[in-house]
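Letter by letter, the chains look like this.
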Amino acid sequence: MRVTFPHLGNLWIPVRAFFSSLGLDVVVPPPTTKRTLSIGAKYTPEGACLPLKATVGNFIEAAELGADTIFMVGGIGPCRLGYYCELQRHALSRAGSNAQLVVVEPPRRDPRGLVQALRTVKRRATLRQVVEAGRLAWAKFGAVDALDQAANMARWRETAPGEVDAAVHRGLALLDAAETCDAVLYAVEQTLHDVACRTEERLGPTMRVGVVGEIYVVMEPAVNMDVCRKLGRLGVQVVQPITFSHWIEEHIVGDIARRMPRSNMLSRARPYLRHFVGGHGVESVGRSVDMARSGLAGVLHVAPMTCMPEIVAQSILPLVSQSEGIPVMSLAVDEHTADVGFDTRLEAFCDLLQARRRQAGEGSCPSVSTGRWSML
Amino acid sequence: MNLAVGVPRGLLFHEYGPIMLELLRQCGARPVLSPVTNREILQAGLELCVDEACLPVKVFFGHVAYLSGKVDALLVPRFVSVEPRAYICPKLMGLPDMIRARVCGAPRLVDPCIDMSSGLSRIASQVAALGQALGVGRGRAAIALVKSIDAAKRGSPEPEPAPSGAIRIGILGHNYALRDPYISLDLVDKIRRLGAAPIQACDYSHRETAGWERERARRGAKRLFWTYGRRLVGAAYRWLETGEVDGIVHLASFGCGPESFVAEVIQHEASKHGDMPLLCIDIDEHSAEAGLTTRLEAFIDTVAMRSGEYARYVPTSGQPVDTR
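Keep in mind that this is a model prediction, so the values were computed, not measured.

Rules behind the numbers
Residues numbered from 1 in each chain as written. Chains lettered and ligands numbered in written order. Predicted model: local features only at pLDDT ≥ 70, side-chain atom pairs only at ≥ 80, totals over all residues. Pairing = 2+ DSSP bridges. Helix = DSSP H or I, 4+ residues; strand = E, 2+ residues; numbered from the N terminus. Right-handed = clockwise from strand over helix to strand, strands pointing away. Core = buried A, V, L, I, M, F, W, Y, C linked by C-beta atoms within 7 Å. Buried ≥ 20, exposed ≤ 12 C-beta atoms within 10 Å, placed from the backbone. Contact = placed C-beta atoms within 7 Å. Nonpolar A, V, L, I, M, F, W, Y, C, P; charged D, E, K, R; others polar. Axes fitted to C-alpha atoms, helices over the stretch in contact; angles between N-to-C directions. Parallel < 35°, antiparallel > 145°, perpendicular 65-115°, else oblique. Left-handed = near helix turned anticlockwise from the far one by under 90°.

> Sorry, what's going on with the pairing of strand β2 (residues 30-33) of chain B here?
Every other side chain in a regular strand lies on the same face of the sheet, so the side chains alternate between the two faces. All names here are of chain B. The sheet contact formed by strand β1 (residues 4-7) and β2 spans four bridges and is parallel. The partner of Gly-6 across the bridge, within β2, is Val-32. This β-α-β element, β1 to helix α1 (residues 13-26) to β2, shows right-handed connectivity.

> I would appreciate a short explanation of the nonpolar core in the present structure.
Across soluble globular proteins, nonpolar side chains show a tendency to be buried alongside one another. The biggest cluster of nonpolar side chains holds 212 residues, and the ones touching the most others in it are Val285(A), Ile316(A), Leu74(B) and Ala236(B). Residue contacts for Ala236(B): discarding those within four places in its chain leaves Leu172(B), Ile248(B), Ile266(B) and Glu269(B).

> I keep staring at the interface of chain B and chain A and nothing clicks. Help me out?
It is common to give the size of an interface as the accessible area that goes away when the parts come together. With 30 residues of chain B at the contact, the number on the chain A side is 34 residues. When residues of the side of chain B that touches chain A are traced back to their parent elements, those giving at least two are β4 (78-81), α4 (90-93), α5 (95-102) and α12 (257-273) of chain B. Of the residues forming the side of chain B that touches chain A, the biggest block, seven residues, is contributed by α12(B). For the side of chain B that touches chain A, the per-class residue count stands at 17 nonpolar, five polar and eight charged.

> Can you help me understand the packing of helix α4 (residues 84-94) of chain A against α12(B) in this one?
To describe two helices that pack against each other, one gives the angle between their axes and the distance between the axes. At a minimum axis separation of 11 Å, α4(A) and α12(B) run at an interaxial angle of 45 degrees. One element, α4(A), and the other, α12(B), form an angle in the oblique class. Pair α4(A) / α12(B) crosses with left-handed handedness. For the pair α4(A) and α12(B), the contacting residues are Glu86(A), Leu87(A) and His90(A) in the first and Phe261(B), Glu264(B), Val265(B) and His268(B) in the second.

> What's the story with unusual backbone geometry in this structure? I'm lost.
With the exception of glycine, most residues fall at negative phi, and the peptide bonds are largely trans. Residues and elements named next belong to chain A. Cis geometry is found at the peptide bond from Arg-270 to Pro-271, where omega equals 0 degrees. Mapping Pro-271 onto the fold places it in the loop between α12 (265-269) and α13 (281-293). Positive phi, close to 60 degrees, is recorded for Asp-226, a residue that is not glycine. Inspection of the secondary structure puts Asp-226 in the loop between α9 (215-219) and α10 (227-233). Assessed through the 15 C-beta atoms surrounding it within 10 Å, Asp-226 is described here as partly exposed. One non-glycine residue, Thr-306, lies in positive phi territory at about 65 degrees. When you line up the elements, Thr-306 lands in the loop between β7 (298-304) and α14 (308-324). Residue Thr-306 is classed as buried on the basis of its 23 C-beta neighbours within 10 Å.

> Looking at this structure, how should I read the sheet that holds β1(B)?
For sheets, the rule is that strands pair by backbone hydrogen bonds, running either parallel or antiparallel. Residues and elements named next belong to chain B. Spatially, the four strands line up as an open sheet ordered β2-β1-β3-β5, and their pairing is parallel. A single partner strand is all that each edge strand has here, and the edge strands are β2 and β5 (108-110). Put simply, the sheet's adjacent strands are angled 35 degrees from each other on average, direction ignored. Across the sheet, α1 touches β1, β2 and β3 (73-75), and the angle it forms with β1 is around 175 degrees.

Have a look at this one:
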C-alpha cells in the first residue's frame, strides 16, 4: 500500500507528515511540470479547468513511481472541484492505472468521512493516532504558510537575487524533516531569522501588490508561472492572503463548528457581489476591496481559464477597481500559458503602478483605466 | 402608470418564462419582453460581457442592453438552486452582480434570490423583498407567485407524441441553448428537416430524469450537483440502457463549466455501452450554420446506415465523434 495525493504548492510537506506519522508508505508525486500538464490534458476533457489537468497528471506520474492509493478531496458544488474525483477515476482507468482513489467528502455531508477513508488504507488507525498526526500536520500547514508569506514580504529587498528563496528552500527541508511540533516551531524561527538576515533596507516607500484568485492557481508556482517570485524581483512586496491553513479553517473546521467566528468575505464583497458563487469568487472580490482600502498599489487576479466563480469575479473586478481606485489586472492560465507572456504583462503592470504613484506624489489624482481589461 | 419591467429573453427565461411574465402581471406591473435573439443583440452582448463567459450568458447581456433605457426595472432572478442539494451554475448565481458591474446605465434590477435548498424563512423573505421591489405587499406577492406558478402549469402544452417510423435522435442540451434558435443554430428543426424524429431531454419530467440519474449513482458513481447535468445524464443513461433512440446529439456551449464535465460523463457512459452513436457539438459566437449542417447530415446518414443492412460495416468507435 503506497499512498499519494495531488500537489498544491508546498502542501506535500504537511500531508506527507500526516500520512507518514500514521505509519503509511507515502509517494510524493514528482513536482508539477509541463510533462505533468500534458499527461493531464491528454486524459481530461479540453474544456476542464487547469487544476483537474494538473492533478490527473500528478496521479499518473505518482502511479508510475508505484503509488496505488490516491487521496483526494470531494465537494458538493457548485464549483467543479466537487466532481473532480469522478473524472479522475475515468482518467486513471483510461490511462490503464489500477490505482484506487479515496475521496474525502466535506465533514458535514459525511461526518466520519476522513476517519473512514483512513480506515480503508489502515484498518487499525485509532482516533488518537489520527489526532496526533493531524496536530503535526496542522503545525506544518501553518509553518509552510508562514514561510511563504515571509518570502513574499521579503523578496523585494533581498541582498542578492535568489538569497531569500534559497533560505526558504533550506527552511522547507528542515520542516520536512521535523518530527515533532517543537521541531517545526524551531525550524520556522530559524528560517524566519535566516530570511531577515538576507534582506536590506531599501530607500523609498514600499509598493505592495496583492495577489488574489482561485486557490490552486494562486498557490501553485508551477502553473501560475511563479508570479509571486516574479513580482518580488520587480521590486514589489507581495501580499497573498489565500493560504492552505485558511482554506482548511474555512472548509473543514468551519464546516464542523458552524458557530466559529469566520472572516466574512461576503460582507466585504458587498455591494459588488452579494451572493456566494462557489470556489473563491467572493474571496477574490472581497479581498480586492480589502486591499484597496488598506492602501495597496494594485491587485493581480489570477484564475484558471473557464473557472466559473472567477469569471463572475473577473466581470465585477473592473467596477471594484473604478470605485475603490485600485488598478486590477486579471490573468487566466491554462496548460498553454507561456512564461514570457507573463513577464511582459507583470513588468508593464508594475511600471504603470510606479508611474501612478509618482503622479499621486505630485498631487494630481491618478485615474484607473477600465477600458478593455487585459485577459490572456 | 404601471411599472414597466423588462424581462430579458435569455437563460432561464426559456424555462420559467411563463411564470415570470404572469407574476409581473399579477403584481400589477407591465412586463416588457425583449425580442428573439438576433445579430444586434448578440453583438451588444459580446461588447458588454467578458470574453470567457459562455454564449448564452453573452446573449443575455445583449438582451439586457436592448431593454435598458426602455423600462423602469429589469427582472433578473438570481437562480441559485431549483431543487434541494443541486445548483444551476455559478455564473447564474452571480448574474445580477455581473450585470450591475458591466452594463452602464442599466435600470434598477429586481433580483429575487431563488434558492430551494435554503429554508422556508429565507424563501419567504425573498418573496417579501420581491413584493417590495415591485411595489406590492408581501401577501399580494406570495399570492401572485402561487397563482402564476399555477397558471404556468395549466398553460404548458401537452408534450407531443414522439413520431414513429423515422430515425429517433436524442438531443441533449440546456434549454436556454436549444430553445433559442439563434444560439443553437436551429438544431432541433434541422434534425427534423433531415427526416429524423428529435427527442429532447426536457420531454421527460424532472422526476423521471432525476430517477435515472440516481440509478446511475446506485451503480457506484457520485451524484452530480448541477440540475441540468442531472437531467442530461439521466436522459442519456436511460437512452443508453433502453436503446430508445438510434443516436444522441449533445449540444454544449464553449466555456460552459458544468457541461465540460457532463459531456465527459456522457461520453464515458456511452463508451461503456459501446453501441450508441454520439455526436458532441460545441457552440460559441463564431459557430457557422454550414458547419453544423454538414455534421448533422453526416451523422444522420451514418445512423440511418447502421439501422439498415450496412449495420455491421458502421461500428461505433467507442470514442465519441468529436467535432471541435
